[in-house]
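Here is how the chains run, residue by residue.
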Amino acid sequence: MTDTTALLKRAHELFPDEVVTSAQVRHLDLPLGAGRFALITLDNGFDHTKPTTFGPGSLANLAEALDQVEREAAAGEIAAVGITGKPFIFAVGADLKGVEVLKEHSDALAIGKGGHDVFKRIAALPVPSFTFYNGAAMGGGVEVGLHCTYRTVSSGVPAFSLPECFLGLVPGWGGCTILPNLIGPAKAISVIIENSLSQNRQLKGKQVFDLGIADAIFAPADFLEQSLLWAATVLKGETVIERPEIDRGDAWDQAVAHGRLIADSKVHGAAPAPYRALDIIAAAKTGDLQAGFDAEDAALADLIMGGELRSGIYAFNLVQKRGKRPFGAPDKSLARTVNKVGVVGAGLMASQLALLFVRQLKVPVVLTDIDQARVDKGVGYVHEEIDKLLGKGRINQDTANRFKGLVTGSLDKAAAFADADFVIEAVFEELGVKQQVFADVEAVVSPTCVLATNTSSLSVTEMAAKLEHPERVVGFHFFNPVAVLPLLEIVRGEQTDDASLATAFGVAKKLKKTGVLVKDAPAFVVNRVLTRFMGEIQAVVDEGTPIETVEKGVEPLGLPMSPIVLIELVGPAIALHVSETLHGAFPERFHVSENLGRVVKAGKRGFYTWASGQQEIDPEVAALLQVGDTVLTPEQVLDRALTAVAQEIALMLDEGVVAEAQDIDLCLITGAGWPFHLGGITPYLDRSGVSQRVNGKPFLAPGIASVPA
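Residues numbered from 1 in each chain as written. Predicted model: local features only at pLDDT ≥ 70, side-chain atom pairs only at ≥ 80, totals over all residues. Heavy atoms only, no water.

Draft legend 1. View of the overall build of the protein chain. Within the protein chain, the secondary structure is distributed over 31 helices and 19 strands. By the compact-globule yardstick of 27 Å for 709 residues, the protein chain fits well, its C-alpha radius of gyration being 28 Å. The C-alpha extent of the protein chain, read off along each of the three principal axes, is 85 × 60 × 50 Å. By residue count, 55% of the 709 residues in the protein chain fall in the buried class. Considering only intrachain contacts with a sequence separation of at least 6, the fraction spanning at least 24 residues in the protein chain is 75%. With the model as given, the accessible surface of the protein chain reaches about 28,800 Å², and the carbon-plus-sulfur share is 54%. In the protein chain, 63 side chains carry a positive charge and 85 a negative one; their mean positions are 3 Å apart. (Helix = DSSP H or I, 4+ residues; strand = E, 2+ residues; numbered from the N terminus. Rg over C-alpha atoms; globule rule 2.2 N^0.38 Å. Buried < 20%, exposed > 50% of the residue type's maximum accessible area, 1.4 Å probe, protein only. Contact = heavy atoms within 4.5 Å. Areas by Shrake-Rupley, 256 points an atom, 1.4 Å probe, with all protein chains shown as cover. Lys, Arg positive; Asp, Glu negative; His and termini not counted. Charge placed at Lys NZ, Arg CZ, Asp CG, Glu CD.)

Here it is in structure tokens:
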């Protein structure tokens, strides 16, 4: 038994539930008399909805296939070897379910070394090797191809990436070492660091070719045939691949330095993975592949046994699994069909909702408002956005015409909503106004029409209290920008029935949103957590800690933007209103900043100005601030903010605002852009010991977002 075989056997024993990928070898004669070709197809036996992955058993199967083609190549029976995938899928990398069960550093090291030992054999074959990227390729799926001599890619490939840093790993089966040596460090860092840390941005087939990762690109209809013909021309010498010479001087060092700036801007030093990847890329400048592979093995093992990766996997599973099967949602068979949608209001938020509904549900959408000018403006906005989609090539002319025809406006609610199945209000955030809107709508809609509110903080129960049928009212809280953020807080009022709730979840799924069931409690989930966090930050400033110190204090969280910048994005007036609302509900915990009130009264957009080209405190705002003389250190700022958040989350769970801590993390990731590498917030609070100190226990059991005991 070889060392690799023993490694993989041991790893497979730890992971008996692996969905094993086969590596089937078939032979064919290449065109142009180029010789016999051995084609290895990676296939886990399922359709494209269950992508092919590499676990230890899968790697062992690939090793067996390589045993066969090595013998055939040595005997002169084949002229070349190729690797491709099943329809629509090439391979999407290591099976993360196997990573989750690892408990020992040595076992984690075996995963890295086992993959390298198998993949290196491809490069060592005595005949040329080809990868045909026919479909989605990620992580190890990309890396197995990097070990080949040549690569082709389908123009129809929808997703191609090295997402490891996004999850808390490094591309550890050759990605950090081979890719910069293939396409240069700057392009490699764009793929490995920048794309990964930009919410796992994917490349399309054309981009893969343009970057130089693939040597040729062909249409999906006859991709394999064209790839084989191309391979034949390469073997015959009719096609010669010339790759650009890589600059191994200062340009390499500058690219790595730029990569560190990108990592700093994305995670602010709060996640180790991108920095480990950059260290390996920096060392790859020498071209010593084996040294790079050894460094990848060490980095993989260290990161697999670290909390950040487990949090990253936890976050990934939340979004991919829990987000698609909402906890506590009623049976979907209770959901009613929605064939027409009504939107009360025609302002910006209402218009964004109308656009989303028509694009995803493809049903008639009608907007109403208090005067024709507002209605016309709302409908006009939707039509303009549809034209923009057409201009960008996102939809064709027929689709644009159809969508425009489906979106209309009316002043007559009775005519507009009589046959609507789902009506959502997006009017001014004032309880009396919303109660009146629902009373007017209830008078004209069918008995089964669901009434939804996009309120961000008001009580759904109170909103429905004066209706004849309060059971049909449900909270349907979107996050801005509506087209980008996937979260939908779906709020069950005290009277909301299962059919209305099931319909809301059904609509959310068709809108491609992540629906999370939330109790009717002040500010629901995201706004409550963020407002407690922001309130503590504002209190620290009011007491005398400089804003610069506050910003530095929260840097370890790696948030997408600082709390002070977030105030400007949200708008100081809205931030003040939300803090006042929650202060009214929980006066002892939610701070209302008098300084923020002064900023609002002065009509300022935020605390910063960029007039000089640099971010700096607006001197006019600085003159408004009245602060105390208590100055905290950055560490004390962070501790105080996290203490407040840990306390608030525990109270929310005790109140049953959501079923489990996992739902709070899912909400913060999908609704507030909370960093993936933190796993949301509760794994970070557990890992840093704050949960234990504040609440006497962690939020999550060991092994859920941490290394199993």
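Draft legend 2. Focus on the packing of aromatic side chains. Evaluation of the coordinates by the stated rule reveals 19 aromatic pairs. With centroids separated by 5.4 Å and ring planes inclined at 80°, the aromatic side chains of Phe 119 and Trp 173 adopt a geometry described as edge-to-face. Of this pair, Phe 119 sits in helix α4 (residues 105-123) while Trp 173 sits in the loop between α6 (164-167) and α7 (175-183), and the two are 54 residues apart along the sequence. Comparing Phe 119 with Trp 173 shows no difference in burial state: the two are buried. Measuring from ring centre to ring centre gives 6.2 Å for Tyr 150 and Trp 230, while their planes differ by 80°; the resulting arrangement is edge-to-face. With Tyr 150 in strand β7 (residues 150-154) and Trp 230 in helix α10 (residues 223-235), this residue pair connects regions lying 80 residues apart in the sequence. For the pair Tyr 150 and Trp 230, one class covers both residues: buried. Counting every residue linked through ring pairs, the aromatic cluster contains Phe 37, Phe 130, Phe 132, Tyr 150 and Trp 230. Across from the ring centre of Phe 586, 4.5 Å away, lies the NZ or CZ of Arg 589, which sits over that ring. (Phe/Tyr/Trp six-rings, centres within 6.5 Å; stacked < 30°, edge-to-face > 60°. Lys NZ or Arg CZ within 6 Å of the ring centre and 35° of its normal.)

Draft legend 3. Region of interest: the side chain of Glu 143. Among the secondary structure elements, Glu 143 is positioned in helix α5 (residues 140-146). No salt bridge is formed by the buried Glu 143; the nearest opposite charge belongs to Arg 151, separated by 12 Å. (Salt bridge = Lys/Arg side-chain N within 4 Å of Asp/Glu carboxyl O.)

Draft legend 4. Quick look at the pattern of salt bridges. The final tally for this structure, using the stated rule, is 30 salt bridges. In this structure, Glu 543 engages Arg 640 in a salt bridge whose closest nitrogen and oxygen atoms are separated by 2.8 Å. Note that Glu 543 is positioned in helix α22 (residues 526-543) and Arg 640 in helix α28 (residues 634-655), a separation of 97 residues in sequence. For Glu 543, a relative accessible area of 27% gives the class partly exposed.

Draft legend 5. Summary view of a positive patch on the surface. On the surface, Lys 50, Lys 321, Lys 324 and Arg 325 cluster together into a positively charged patch. Counting through the fold element by element, Arg 325 comes out in the loop between α14 (307-322) and β10 (341-344). (Patch = residues over 30% accessible without salt bridge, like charges linked within 9 Å, V, L, I, M, F, W, Y side chains within 5 Å.)

Draft legend 6. Quick look at a nonpolar patch on the surface. Together, Met 561, Leu 569, Val 570 and Ile 574 make up a nonpolar patch on the protein surface, roughly 350 Å² of accessible area in all. Mapped onto the secondary structure, Val 570 falls in helix α24 (residues 563-570).

Draft legend 7. Expanded view of the sheet that holds strand β12 (residues 407-410). Taken in spatial order, the 8 strands line up as β12-β11-β10-β13-β14-β15-β16-β17 in an open sheet, and their pairing is mixed. The strands lining the two open edges of the sheet, one partner per strand, are β12 and β17 (514-519). This sheet shows a mean twist of 25° between the axes of neighbouring strands, independent of strand direction. Docked against the sheet, helix α29 (residues 661-672) engages β16 (487-492) and β17, running at close to 130° with respect to β17. (Pairing = 2+ DSSP bridges. Axes fitted to C-alpha atoms, helices over the stretch in contact; angles between N-to-C directions.)

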